[in-house]
Number of protein chains: 4
Amino acid sequence: MPTILGQNQYGKAENRVVRITRDGATHHIKDLNVSVALSGDMEEVHYSGSNANVLPTDTTKNTVYAFAKEYGIESAEQFGIHLARHFVTSQEPIKQARIRIEEYAWERIEASDANSKFIGADAVKHSFVRKGQETRVTQITFDGENWEVISGLKDLVVMNSTNSEFWGYVKDKYTTLKEAYDRILATQVSGRWRFNWSGDEQKMPNWEKSYDQVKKHMLQAFAETYSLSLQQTLYQMGARIINNRSEIDEVRFSLPNKHHFLVDLEPFGLENDNEVYFAADRPYGLIEATILRDGCEPRIPVDLTNL
Amino acid sequence: MPTILGQNQYGKAENRVVRITRDGATHHIKDLNVSVALSGDMEEVHYSGSNANVLPTDTTKNTVYAFAKEYGIESAEQFGIHLARHFVTSQEPIKQARIRIEEYAWERIEASDANSKFIGADAVKHSFVRKGQETRVTQITFDGENWEVISGLKDLVVMNSTNSEFWGYVKDKYTTLKEAYDRILATQVSGRWRFNWSGDEQKMPNWEKSYDQVKKHMLQAFAETYSLSLQQTLYQMGARIINNRSEIDEVRFSLPNKHHFLVDLEPFGLENDNEVYFAADRPYGLIEATILRDGCEPRIPVDLTNL
Amino acid sequence: MPTILGQNQYGKAENRVVRITRDGATHHIKDLNVSVALSGDMEEVHYSGSNANVLPTDTTKNTVYAFAKEYGIESAEQFGIHLARHFVTSQEPIKQARIRIEEYAWERIEASDANSKFIGADAVKHSFVRKGQETRVTQITFDGENWEVISGLKDLVVMNSTNSEFWGYVKDKYTTLKEAYDRILATQVSGRWRFNWSGDEQKMPNWEKSYDQVKKHMLQAFAETYSLSLQQTLYQMGARIINNRSEIDEVRFSLPNKHHFLVDLEPFGLENDNEVYFAADRPYGLIEATILRDGCEPRIPVDLTNL
Amino acid sequence: MPTILGQNQYGKAENRVVRITRDGATHHIKDLNVSVALSGDMEEVHYSGSNANVLPTDTTKNTVYAFAKEYGIESAEQFGIHLARHFVTSQEPIKQARIRIEEYAWERIEASDANSKFIGADAVKHSFVRKGQETRVTQITFDGENWEVISGLKDLVVMNSTNSEFWGYVKDKYTTLKEAYDRILATQVSGRWRFNWSGDEQKMPNWEKSYDQVKKHMLQAFAETYSLSLQQTLYQMGARIINNRSEIDEVRFSLPNKHHFLVDLEPFGLENDNEVYFAADRPYGLIEATILRDGCEPRIPVDLTNL
């Protein structure tokens with residue numbers, strides 16, 4: 001046979017699970033999108049169509065919902081660890097499980113004064129509005145021995161309206177760009193960070209606290225870096241995370257430069273003193289890099305995926 | 001000639017304008033997407049291609065950017081009023097202008113403690129993160145005499161995890177739905193509200209305050225209504241706005257019922273006590289209605305548009 | 001009570017139904033997205049939450065699937081007529097039904113020569129590839145007496161690489177555009193056309209043939225019009241339909257001007273003789289108009305919706 | 001310094017270039033979306049913000065447009081090869097260039113009979129409608145010595161309405177799926193194939209012909225495989241390509257199982273004899289695998305990207 005099977009994986013993608021936990025009248029919500037990918041001894045299903053080693057993707061979906069009841073959802077990372085361990089340890093042909101999860105954040109709706117007075121603040125402890133900012137993501141991989149947890153976020157849009165310059169670059173025959181000494185710097189952050197936790201005998205990170213702290217440090221680094229290039233800002237964002245969070249060894253960012261072009265108002269007899277900008281869609285600069293704790297190996301793939 | 005021209009309009013759509021205002025080191029940002037639609041004596045350009053009455057769409061784009069400098073952007077509504085008045089009063093063939101605006105909200109990034117101490121809180125007064133929740137919208141229409149302002153929002157996702165029932169409905173031969181006495185009620189709010197301000201001699205509403213108050217009342221009505229149907233909740237949301245905001249005479253909502261189905265866990269020997277839900281995409285119930293101040297005429301179109 | 005209920009409607013939106021018809025080994029496919037909107041005596045469900053007059057949206061979904069079996073899907077229009085008649089005639093409180101349908105076209109996959117020879121051409125008469133061009137749409141409205149059918153399409157992208165000019169327009173203080181004597185004209189057609197069929201006693205149009213013919217005439221008018229403005233082209237497209245298709249009285253188009261800007265290559269010592277263009281996203285000119293058969297009343301709404 | 005820089009790259013993404021070639025009255029069109037990613041000696045711009053080694057992303061954009069004039073666009077692959085060679089050979093700090101291109105296909109609009117007769121068939125040789133089916137993609141990578149070309153497509157939706165089964169799979173405590181002996185098999189193909197062409201001294205493949213042939217073989221394998229699992233179909237699609245196209249050594253597919261569930265019509269007293277299906281959105285099975293020419297090394301990444 002002149003062709004052979006290479007890497008392969010399968011599972012149910014985008015299982016939308018919402019878990020409500022009732023603490024008296026106060027409800028809590030976890031809202032996830034869970035994708036399962038399994039691999040192992042799967043040659044036959046590709047070569048002959050025999051499903052003898054294939055746990056149906058429908059079963060992996062059922063398992064997601066059953067586990068939301070059996071284990072609850074403490075955090076996306078912890079939930080993914082339960083799922084990955086189950087698939088690898090319960091099915092002999094399955095040698096590796098990769099669980100990807102998106103999480104959508106919700107905030108509570110505040111009660112009206114009138115309502116609080118008459119029927120008590122508890123009345124709206126079951127009402128939520130979706131926060132709508134970034135989407136939190138995580139990926140858990142388990143091969144029966146080693147764990148890898150890569151968390152992150154996407155679609156977090158940030159802007160500095162000053163403290164950004166761009167000059168001193170290479171000029172070739174196709175260069176027309178003018179140097180800038182005070183420009184808007186804006187990007188839509190897609191970031192992933194890899195934890196150095198690799199197994200059950202180690203103390204597990206506090207996944208919820210870690211996420212909040214990483215996001216805070218990343219935003220502050222973006223805000224506080226006087227930027228001579230988006231690459232410099234990107235590096236500072238990654239370095240700030242690694243320097244402040246000992247549980248993380250590697251960070252990768254994909255940062256589109258959301259160009260805000262100063263509009264030329266001179267034809268209308270007006271001066272544009274860094275006041276009026278055109279927010280462009282395409283094309284956009286795209287800056288991507290990995291920042292590593294010194295001595296660590298890079299393992300986050302170069303291309304960040306959407307799921 | 002067997003065919004004639006009916007209603008027509010033209011202009012530049014989706015002009016993305018960002019206006020930065022510097023108050024010392026503290027920057028303020030307005031981030032709009034402005035669409036211009038003009039109509040008037042435009043028969044000839046359709047019949048013969050003569051552009052003698054046509055102000056180019058490119059010029060309407062330039063005007064948006066020039067006005068962002070000349071007038072600033074106090075609010076989306078006020079900015080739209082400047083634009084609409086200009087087109088109708090400066091170009092004889094243009095009899096009506098309709099300005100539609102989307103607005104994206106931004107929040108400030110908080111400074112790190114270390115940074116605040118050493119370089120002062122001002123350091124990050126130019127740094128923002130996009131709020132990412134709903135998109136605020138407005139539509140200004142002016143025909144040279146009368147003004148109509150319809151504001152609103154879209155993509156605001158809300159959920160009550162209890163206090164919702166659905167029973168007592170009609171059952172025909174195609175009905176299989178079981179009655180529900182405790183369900184999740186979730187929707188993605190698209191709403192529009194019409195102001196009774198209709199001209200320059202009237203006191204203009206405080207557009208920014210009005211928006212914040214309308215959103216607050218709408219959210220509270222959603223949270224505080226014990227719901228027997230999404231229609232009932234919708235009506236309460238509209239009535240709460242009209243009862244609390246005298247500047248508004250009409251509200252219309254388009255509310256998709258974002259179904260959260262309780263997952264059947266019995267096959268796995270588990271009981272699902274309103275804990276684990278499947279968040280469905282399609283199909284979805286779609287509930288749409290207008291709520292009017294008694295005695296007022298409806299003028300918001302039945303179909304809400306995306307732009 | 002200071003607020004009252006205005007126009008309202010409800011139903012299940014985006015029911016994705018695929019109907020396979022087997023003609024021996026040859027299969028046929030109809031692939032629809034059906035949205036139901038019902039209105040009538042629905043005050044109580046809004047005011048008090050009583051569902052006594054409410055046929056559940058879930059039942060309207062079931063009806064779509066049951067009718068796909070009971071009546072088959074001859075055309076989207078015919079299928080919508082069956083549904084609209086059913087809801088209005090079978091439920092006393094329902095006074096009007098509006099059915100909106102999107103249709104996705106499929107083509108057959110051609111058999112390989114080897115396969116045709118050995119196992120016969122029938123082997124692949126059940127294999128399809130989605131055409132992927134425009135989405136066909138229709139809207140059926142029935143109030144118990146009168147029928148209105150508005151069909152159309154969206155997302156059909158067309159381009160003329162020459163035979164388009166734009167000059168002789170109004171110039172004001174914000175005008176900077178240079179006149180063009182040979183430009184690309186491209187647009188993404190969204191069009192709707194209203195049939196004059198209004199009831200069961202009239203001979204029903206051949207919906208499938210009508211659609212094919214309207215699309216053909218529309219494309220040919222786009223291609224064959226030497227254009228001095230997109231408005232002129234739009235009018236020709238509508239007039240060509242009405243002049244050739246007696247079953248149609250009204251057409252409305254929403255045509256974004258998909259700008260293709262000639263790139264300035266002079267800084268690189270190159271001449272751009274209408275060869276290299278930048279295809280822009282936003283902003284875009286937006287040209288919208290209705291074309292009517294003389295003597296007919298316009299009834300297609302000004303804003304075309306997505307569904 | 002406790003952090004170091006890992007893999008990094010930058011460039012302008014999504015340059016939308018349309019190239020018109022005039023062959024007398026007959027025009028030809030190439031419509032591309034080109035993304036440039038460069039890497040090399042870029043430590044300083046990350047560490048200190050020095051742009052001394054940085055060719056601006058704006059310049060890479062200009063180069064795309066200039067090359068569309070200088071070299072024309074014979075094929076997306078050939079155009080990417082010109083660009084990659086230029087960046088690596090003309091800028092000392094740049095050690096590797098990766099060019100990604102999306103291509104959108106266009107068809108000619110046919111002239112009307114009347115028009116052909118009176119003004120000749122040439123009249124519409126400049127008029128096009130976007131085909132709208134799959135998006136063709138390619139990725140060219142050059143490090144100064146070796147070339148790698150990976151081409152492919154995305155968003156090609158296919159369906160077999162019979163000749164698909166699924167049974168004989170593993171059943172665990174979470175399995176509820178019933179075996180299927182005649183089901184719809186549908187997927188939205190995302191595929192990539194790697195050419196064994198690796199340098200200028202080799203004869204270059206005919207990129208246009210290769211693409212057409214690969215697509216044809218892939219579709220035929222999908223149509224002609226009697227499927228016991230989507231994995232089996234996927235493998236056949238890949239093997240068919242490799243067996244028929246000697247220029248290709250590796251294929252990878254990401255195939256979402258677009259579930260079409262047979263609707264249960266029994267509650268309505270109807271039998272559903274494989275006629276009426278519900279086309280589901282999420283979740284979906286996701287089947288991914290690489291197929292290799294025996295003896296070749298896999299080099300296509302596991303995760304296919306959107307760009």
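Parameters at a glance
Residues numbered from 1 in each chain as written. Chains lettered and ligands numbered in written order. Predicted model: local features only at pLDDT ≥ 70, side-chain atom pairs only at ≥ 80, totals over all residues. Heavy atoms only, no water. Helix = DSSP H or I, 4+ residues; strand = E, 2+ residues; numbered from the N terminus. Buried < 20%, exposed > 50% of the residue type's maximum accessible area, 1.4 Å probe, protein only. Contact = heavy atoms within 4.5 Å. Areas by Shrake-Rupley, 256 points an atom, 1.4 Å probe, with all protein chains shown as cover. Salt bridge = Lys/Arg side-chain N within 4 Å of Asp/Glu carboxyl O. Buried area = accessible area lost by both parts, 1.4 Å probe. Polar contact = N/O pair within 3.5 Å; in protein donor to acceptor, adjacent residues only side chain to side chain. Nonpolar A, V, L, I, M, F, W, Y, C, P; charged D, E, K, R; others polar. Pairing = 2+ DSSP bridges. Phe/Tyr/Trp six-rings, centres within 6.5 Å; stacked < 30°, edge-to-face > 60°. Axes fitted to C-alpha atoms, helices over the stretch in contact; angles between N-to-C directions. Parallel < 35°, antiparallel > 145°, perpendicular 65-115°, else oblique. Left-handed = near helix turned anticlockwise from the far one by under 90°. Least-squares fit on C-alpha atoms with pLDDT ≥ 70 in both. Expected span 1.5 Å × (residues − 1). Patch = residues over 30% accessible without salt bridge, like charges linked within 9 Å, V, L, I, M, F, W, Y side chains within 5 Å. Lys, Arg positive; Asp, Glu negative; His and termini not counted. Charge placed at Lys NZ, Arg CZ, Asp CG, Glu CD.

Here we come to the overall build of chain A. Counting secondary structure elements, chain A contains 6 helices and 13 strands. Over its C-alpha atoms, taken along the principal directions, chain A stretches across nearly 75 × 75 × 35 Å. Counting over 307 residues, chain A shows a buried share of 65%. The long-range fraction of contacts in chain A, counting pairs at least 24 apart against all pairs at least 6 apart in sequence, stands at 67%. For chain A, the exposed area adds up to about 11,300 Å²; of that, 46% sits on carbon and sulfur atoms.

This next bit is on the pattern of salt bridges. Residues and elements named next belong to chain A. Inspection of every chain in the model, using the stated rule, returns 96 salt bridges over all chains. For aspartate 31, the salt bridge identified is with arginine 16, shortest N-O distance 2.8 Å. Highlighted residues: aspartate 31 in strand β3 (residues 26-40) and arginine 16 in strand β2 (residues 15-23), separated in sequence by 15 residues. Classification of aspartate 31 by relative accessible area gives buried; the value is 1%. The shortest N-O distance in the salt bridge between arginine 136 and glutamate 103 comes to 3.9 Å.

Counting from both sides, the interface comprises 79 residues of chain C and, opposite them, 79 residues of chain B. Regarding the contact of chain C and chain B, the summed buried area is about 6,800 Å², with carbon and sulfur atoms giving 51% of it. The largest contributions to the chain C side of the interface with chain B come from Val170, Tyr174 and Tyr235 of chain C, which together make up 11% of the buried area. On the surface where chain C and chain B come into contact, there are 6 salt bridges. In this structure, the salt-bridge partner of glutamate 14 of chain B is arginine 282 of chain C, at a minimum N-O distance of 2.8 Å. The interface formed by chain C and chain B holds 46 residue pairs in polar contact (both at pLDDT 80 or more) in total.

We now examine the interface of chain D and chain A. If you look at the interface, chain D gives 79 residues, while chain A gives 79 residues. Here chain D meets chain A over a buried area of about 6,800 Å², counting both sides, of which 51% is carbon and sulfur. Sorting the residues of chain D by area buried against chain A places Val170, Tyr174 and Tyr235 of chain D first, and these three jointly supply 11% of that buried surface. Between chain D and chain A we count 6 salt bridges in total. Taken together, the links from chain D to chain A amount to 46 residue pairs in polar contact (both at pLDDT 80 or more). Per-element tally for the side of chain D that touches chain A: the top contributor is strand β1 (residues 3-13) of chain D, with 11 residues. Along the lines of polarity and charge, the residues of the side of chain D that touches chain A split into 33 nonpolar, 31 polar and 15 charged. As defined by bridge partners, strand β13 (residues 284-293) of chain A adjoins β1 of chain D across 9 bridges and the pair is classed as antiparallel. Counterpart to alanine 289 of chain A in the pairing with β1 of chain D is asparagine 8 of chain D.

Attention shifts here to the packing of aromatic side chains. Overall, the coordinates contain 48 aromatic pairs over all chains when judged by the stated rule. Seen in terms of ring centroids, tryptophan 147 of chain C and tryptophan 197 of chain C are 5.9 Å apart; in terms of plane orientation they differ by 40°. Their pairing is tilted. Of this pair, tryptophan 147 of chain C sits in strand β8 (residues 147-160) while tryptophan 197 of chain C is found in the loop between β9 (185-195) and α5 (207-224), placing the two residues 50 residues apart along the sequence. Of the residues examined, tryptophan 147 of chain C reaches a relative accessible area of 3% and is grouped as buried. By the ring-pair criterion, three or more aromatic residues cluster together here, those being Phe142, Trp147, Phe195, Trp197 and Trp207 of chain A.

Residues and elements named next belong to chain C. Between helix α2 (residues 57-70) and helix α3 (residues 76-90), the shortest axis-to-axis distance is 11 Å and the interhelical angle comes to 130°. Relative to α3, the element α2 is oriented oblique. Between α2 and α3 lies a crossing whose hand is right-handed. Between α2, through Thr60, Thr63, Val64, Phe67 and Ala68, and α3, the contact on the second element is made entirely by Phe79, His82, Leu83, His86 and Phe87. Considering only residue class, the contact of α2 with α3 consists of 6 nonpolar, 4 polar and no charged.

For the rest of this paragraph, the subject is the relation of the copies chain C and chain B. With an axial shift of 0.0 Å and an RMSD of 0.0 Å, the rotation relating chain C to chain B amounts to 180°. Taken together, the rotation angle and the small translation identify this as a two-fold axis. Within chain C, the C-alpha atom positioned nearest to the axis of rotation is that of threonine 305 of chain C, 3.1 Å from it. Residue by residue, 100% of the interface of chain C is reproduced at the interface of chain B, so both copies engage with the same surface.

A few words now on α3 of chain C. Working note: α-helix, 3.6 residues per turn, so residues spaced by three or four point in the same direction. All names here are of chain C. The end-to-end C-alpha distance of α3, which contains 15 residues, comes to 21 Å, matching closely the 21 Å that a straight helix rising 1.5 Å per residue would cover. Judged by how many residues are buried, α3 sits mostly within the fold: 12 of 15 residues are covered. Burial in α3 covers these residues: Ala76, Glu77, Gln78, Phe79, Gly80, Ile81, His82, Leu83, Ala84, His86, Phe87 and Val88. Buried residues along α3 sit against β3 (26-40), α2, β4 (94-103), β7 (135-142), β8 and α5.

The next thing to look at is the side chain of glutamate 102 of chain A. All names here are of chain A. Residue placement: glutamate 102 occurs in strand β4 (residues 94-103). Of the polar contacts made by the side chain of glutamate 102, one reaches the side chain of tyrosine 104; its length is 2.5 Å. Looking at glutamate 102, its side chain comes within polar contact range of the side chain of lysine 154, at 2.6 Å.

With an omega dihedral of -10°, the bond running from arginine 282 of chain C to proline 283 of chain C counts as a cis peptide bond. With respect to the secondary-structure elements, proline 283 of chain C resides in the loop between β12 (276-279) and β13 (284-293). One non-glycine residue, glutamate 14 of chain D, lies in the positive phi region at around 60°. The topology assignment puts glutamate 14 of chain D in the loop between β1 and β2 (15-23).

So, on to the pairing of β9 of chain C. Residue and element names in this part refer to chain C. Taking burial as the measure, the 11 residues of β9 include 10 buried ones, the bulk of the element. Looking at chain direction, β8 and β9 are connected through 9 bridges and run antiparallel. Pairing of isoleucine 150 across the sheet is with arginine 194, part of β9. Pairing between β9 and strand β10 (residues 248-257): 7 bridges, direction antiparallel. Across the sheet, arginine 194 pairs through a bridge with glutamate 250, a residue of β10.

Next up on the list: the relation of the copies chain D and chain A. Screw-axis analysis of chain D against chain A gives a translation of 0.0 Å along the axis, an RMSD of 0.0 Å, and a rotation angle of 180°. Here 100% of the interface residues in chain D have copies in chain A that are interface residues too; the copies meet face to matching face.

Residue and element names in this part refer to chain D. A large share of strand β3 (residues 26-40) lies buried, amounting to 13 of its 15 residues. One ladder, built from 9 bridges, connects β2 with β3; its direction is antiparallel. Looking at the pairing, valine 18 lines up with aspartate 31 of β3. Pairing of β3 with strand β4 (residues 94-103) involves 9 bridges; the strand directions are antiparallel. Following the sheet pairing, glycine 40 is matched in β4 by isoleucine 94.

Structurally, histidine 260 of chain A is set in strand β11 (residues 260-262). Residue histidine 260 of chain A is classed as buried on the basis of its relative accessible area of 11%. Residues histidine 260 of chain A and alanine 279 of chain A, spaced 19 residues apart in sequence, show a C-alpha to C-alpha distance of 4.5 Å. Apart from residues no more than four positions distant in its own chain, histidine 260 of chain A is found in contact with Met159, Ile184, Ala186, Tyr277, Phe278 and Ala279 of chain A together with Val18 of chain B. Side-chain polar atoms of histidine 260 of chain A contact the backbone oxygen of lysine 258 of chain A, separated by 2.9 Å.

Residue and element names in this part refer to chain D. Along the polypeptide, methionine 42 turns up in the loop between β3 and α1 (43-47). With 51 residues separating them in the primary sequence, methionine 42 and proline 93 have C-alpha atoms 7.6 Å apart. Those residues in contact with methionine 42 that lie beyond four places of it in its chain are Leu5, Asn8, Tyr10, Asn53, Val54, Pro93 and Ile94.

Together, Asp264, Glu266, Glu271 and Asp273 of chain A make up a region of like negative charge exposed at the surface. The exposure class assigned to aspartate 264 of chain A is exposed, which follows from its relative accessible area of 53%.

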